[in-house]
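Observations on the three-dimensional arrangement
The primary structure of each chain is shown beneath.
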Amino acid sequence: MEKRRIGKVYLVGAGPGDPKLLTLRGKECLEQADVVLYDYLANPALLSHAPACAERLYVGRRGKGKYPPQEEITRVLIERARQGKVVVRLKGGDPFVFGRGGEEAEALAGAGIEFEVVPGVTAAIAAPAYAGIPVTHRTLASTVTVVTGHEDADKSSTALNWPKLAGGDGTLVFLMGMKNLPMIVTNLMAEGRPAGTPVAIIRWGTRASQRTIVGTLATIVELANAARLEPPTVIVVGDVVRMRAQLNWFEQRPLFGKRVLMTRPKEQAGELAGLLAAYGAEPVEAPTIHIAPPDDWTPVDRAIEAIGSYDWVVFTSVNGVSRFMGRQRERGQDARALAGRRICCIGPRTAQEVERYGVKADLVPDDYQAEGVLAALAAHKIAHARILIPRAEVARELLPEELRAMGAQVDVVSVYKTVVPQEAVEDWRRQLAEGLIQVATFTSSSTVQNFVALLGGADEARRLLHGVSVACIGPITAKTAEGYGLAVSIMPGENTVPALVEAIVHYYGGRVEATASC
């Protein structure tokens, strides 16, 4: 008889909002999850670490709106674990810092369910840090006290010692205190904290939507009302708030506050996302392309068997390299089979991908498009040369046609095809409709075409992109976008992802930093 699998629950801290502040252990847990229960404060971008087949359950936990009661959440955790599943309870910040993680762990222990607690970066420390406020400072504050600003409504009396909180000179950090801000301020001043004590309120700390207002105990309520601040917020009280004037680093980044739509394939969005985040933007995944194998590998396999007969192999994309080299390995060959072949890559990023397989490109044109490849190859004797081009199923025919016109014998084989992904588009479509996206990026004509198709046509695409800056990686992509009536605002001088990001930075008047990719 087959032994039944025993489930386990991971109580994972999702961090304060910036998806890169998730711990490595938290990422590992998500990658093996069968079920993920996530909160309002957990960045939805973190769900991309979970398998596509994992069950995703939104359980809210915010100050208003409908969401499952805590008892229901606990019941689901126990039920799914007893079904033998790996369950991740993804909680904003740290599970044990006002996150009710202790209650959930207690219930799991009582039910005999194995669990593990994965600490997270708490917003109590991270949000002030991203606002330029150190919660402790050698000359300003030797202690920091983290306080709930929203006590259990069922308590008969407050458990907070207001005289003690007000009497110290250390930093006070209130979580979930926006609704009770007037009461917090009144109690602190009534117990002796000076009215001129600096106060900062940080909303959505560590995210591109972060907003910070600064005042004093005497003025902060009026300032918050005028700014119409709503939860989630972190309230910082103490002299360390004065440091913000000098240490405000995050909000000074050139793309701070900008949400940037990325239409690249999901597996290729990492470089673009990293560069955008380094400049302060919030990348939004909106993959409009899925890379799939060709319908028939036969032409590719024939080319691999006859690889020794070619003089040149021309790679026009990173995907072309990885798919061709991967298939070559499956057929029992490796990079040694390319010995004696001259390798041409359309750009430096494609050349880097070739080097990953132990092969160095012989030729990389100065102009990273088909026209540049043609100009570069024209300087070599390619009449009667045999040239292999592993590429996408659908691509511009300019390169093979012009090479043939130069007298070369050209074989084009499809090593992959691009298809419209089946993933839901509702989330990023909603963000466009609500005006939450400031820039939309397109890195190929296919990303434009599929973007328009996913939105239901050019008219709808133009409507949703009204007021959004359109950034295209090069003139070919820009021409495709303009063909749909989209106004292209940003285009780099060279067809690379780093150049595209730099062009976006320049567009918004920012200075390009040498260490942006760190």
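Check the entry above for the structure.
Presented here is a report on the structure given in the accompanying data block. (Residues numbered from 1 in each chain as written. Predicted model: local features only at pLDDT ≥ 70, side-chain atom pairs only at ≥ 80, totals over all residues. Heavy atoms only, no water.)

Section: the overall build of the protein chain
What counts, and what does not: Note on conventions: DSSP H or I runs of at least 4 residues are helices, E runs of at least 2 residues are strands, and numbering of each starts at the N terminus. Accessibility here uses a 1.4 Å probe with only protein chains present; expressed as a share of the type maximum, an area under 20% marks a residue as buried, one over 50% as exposed, and anything in between as partly exposed. Throughout, a contact is declared for two residues whenever any of their heavy atoms are within 4.5 Å. Computed by Shrake-Rupley with a 1.4 Å probe, the accessible areas treat only the displayed protein chains as cover when residues are assessed. Positive charges are assigned to Lys and Arg, negative charges to Asp and Glu, while His and the chain termini are left out of the count. Taken as the charge location is NZ of Lys, CZ of Arg, CG of Asp or CD of Glu.
Counting its regular elements, the protein chain contains 19 helices and 20 strands. For the protein chain, the spread of C-alpha atoms along the principal axes amounts to about 90 × 70 × 45 Å. Taking all 518 residues of the protein chain together, the buried fraction comes to 50%. When contacts within the protein chain are restricted to residue pairs at least 6 apart in sequence, long-range pairs at least 24 apart make up 68% of them. When the accessible surface of the protein chain is split by element, carbon and sulfur atoms take 51% of a total near 24,300 Å². Separation of charge centres in the protein chain, based on 58 positive and 57 negative side chains, amounts to 2 Å.

Some details on the pairing of strand 18 (residues 439-442)
Heads up, the condition is: Strand pairing is defined by DSSP finding a minimum of two bridges between the two strands.
Because side chains alternate across strand 18, one face comprises the buried residues V439 and T441, and the other comprises A440 and F442, equally buried. The sheet contact formed by strand 11 (residues 259-262) and strand 18 spans 3 bridges and is parallel. Across the sheet, the residue bridging to V260 is V439, located in strand 18. Where strand 18 lies against strand 19 (residues 469-472), 4 bridges are found, and the strand directions are parallel. Paired with A440 across the two strands is V470, which belongs to strand 19.

Description of the pattern of salt bridges
Formally: One side-chain nitrogen of Lys or Arg within 4 Å of one carboxyl oxygen of Asp or Glu is enough to make a salt bridge.
Counted by the stated rule, this structure contains 33 salt bridges. In this structure, R25 engages E28 in a salt bridge whose closest nitrogen and oxygen atoms are separated by 3.1 Å. Of the two residues, R25 and E28 both sit in helix 1 (residues 24-31), 3 residues apart, roughly one turn of that helix. In this structure E28 comes out as partly exposed when scored by relative accessible area, which is 41%. For D301, the salt bridge identified is with R331, shortest N-O distance 3.8 Å. In this pair, D301 sits in helix 10 (residues 298-305) while R331 sits in the loop between helix 11 (318-330) and strand 15 (342-345), placing the two residues 30 residues apart along the sequence. For D301, a relative accessible area of 11% puts it in the buried group. One network of salt bridges, in which partners are shared, links K8, R25, E28, E114 and E116.

A look at a nonpolar patch on the surface
Where we set the bar: Within the patch definition used here, like charges are joined within 9 Å and nonpolar side chains (Val, Leu, Ile, Met, Phe, Trp, Tyr) within 5 Å, considering only residues with over 30% relative accessible area and no salt bridge.
Taken together, the side chains of F98, V144, V146 and M176 present a nonpolar region at the surface, about 290 Å² in accessible area. Along the polypeptide, F98 turns up in the loop between strand 4 (86-91) and helix 3 (101-110). Its relative accessible area of 37% is what places F98 among the partly exposed residues.

Here's the deal with unusual backbone geometry
With omega at 5 degrees, the peptide bond leading from P231 into P232 counts as cis. Mapped onto the elements, P232 comes out in the loop between helix 7 (220-227) and strand 10 (233-237). With a phi angle near 60 degrees, M176 is a residue other than glycine that sits in the positive phi range. Within the secondary structure, M176 sits in the loop between strand 7 (171-175) and helix 6 (181-190). M176 sits in the partly exposed class, given a relative accessible area of 41%. Positive phi is not limited to glycine here, since W204 has a value of about 50 degrees. As for its position among the elements, W204 is in the loop between strand 8 (198-203) and strand 9 (211-216).

Focus: the pairing of strand 17 (residues 409-419)
Our working rule: Crossover handedness is defined by viewing with both strands directed away from the observer: a clockwise path from the first strand over the helix to the second marks the crossover as right-handed.
As paired strands, strand 13 (residues 290-292) and strand 17 are joined by 3 bridges and run antiparallel to one another. Note on strand 17: the bridge partner recorded for A292 is K417. Of the pairings in the sheet, the one linking strand 16 (residues 386-392) to strand 17 comprises 7 bridges and is parallel in character. When the sheet's bridge partners are listed, A392 is paired in strand 17 with Y416. Assessed by its sense of winding, the connection that carries the chain from strand 16 through helix 14 (residues 398-405) to strand 17 is right-handed.

Observations regarding the packing of helix 6 against helix 7
In plain terms, the rule: Inter-axis angles, ranging from 0 to 180 degrees, are taken between N-to-C directions of lines fitted to C-alpha atoms, where helices are fitted over the stretch in contact. Convention used here: angles under 35 degrees read as roughly parallel, angles over 145 as roughly antiparallel, angles from 65 to 115 as roughly perpendicular, and any remaining angle as oblique. Here is the rule for handedness: rotate from the far helix to the near one, and if that takes an anticlockwise turn smaller than a right angle the crossing is left-handed, while a clockwise turn gives right-handed. Charged means Asp, Glu, Lys or Arg here, nonpolar means Ala, Val, Leu, Ile, Met, Phe, Trp, Tyr, Cys or Pro, and polar covers whatever is left, Gly included.
Two numbers describe how helix 6 lies on helix 7: the axes approach to 10 Å, and their chain directions differ by 165 degrees. Here helix 6 lies roughly antiparallel to helix 7, going by the angle between them. For the pair helix 6 and helix 7, the sense of crossing is right-handed. Between helix 6 and helix 7, the residues in contact are L181, P182 and V185 and I220, V221 and A224, respectively. When grouped by side-chain class, the residues that make up the contact of helix 6 with helix 7 number 6 nonpolar, no polar and no charged.

Some thoughts on the nonpolar core
Heads up, the rule is: To define a nonpolar core, start from buried Ala, Val, Leu, Ile, Met, Phe, Trp, Tyr and Cys residues and group those joined through side-chain atoms within 4.5 Å.
Formed by 25 residues in total, the largest nonpolar core has its most connected members in F315, F324, I343 and L388. Mapped by element, the contributors of at least two residues to this core are helix 10, strand 14 (312-315), helix 11, strand 15, helix 12 (348-355), strand 16 and strand 17. In this structure F315 touches G320, V321, F324, I343, C344, C345, I346, T350, V354 and P390, once residues within four positions along its chain are discounted. In terms of nonpolar packing, the next biggest core, distinct from the first, is built from 23 residues, V425, I437, V452 and C472 among them.

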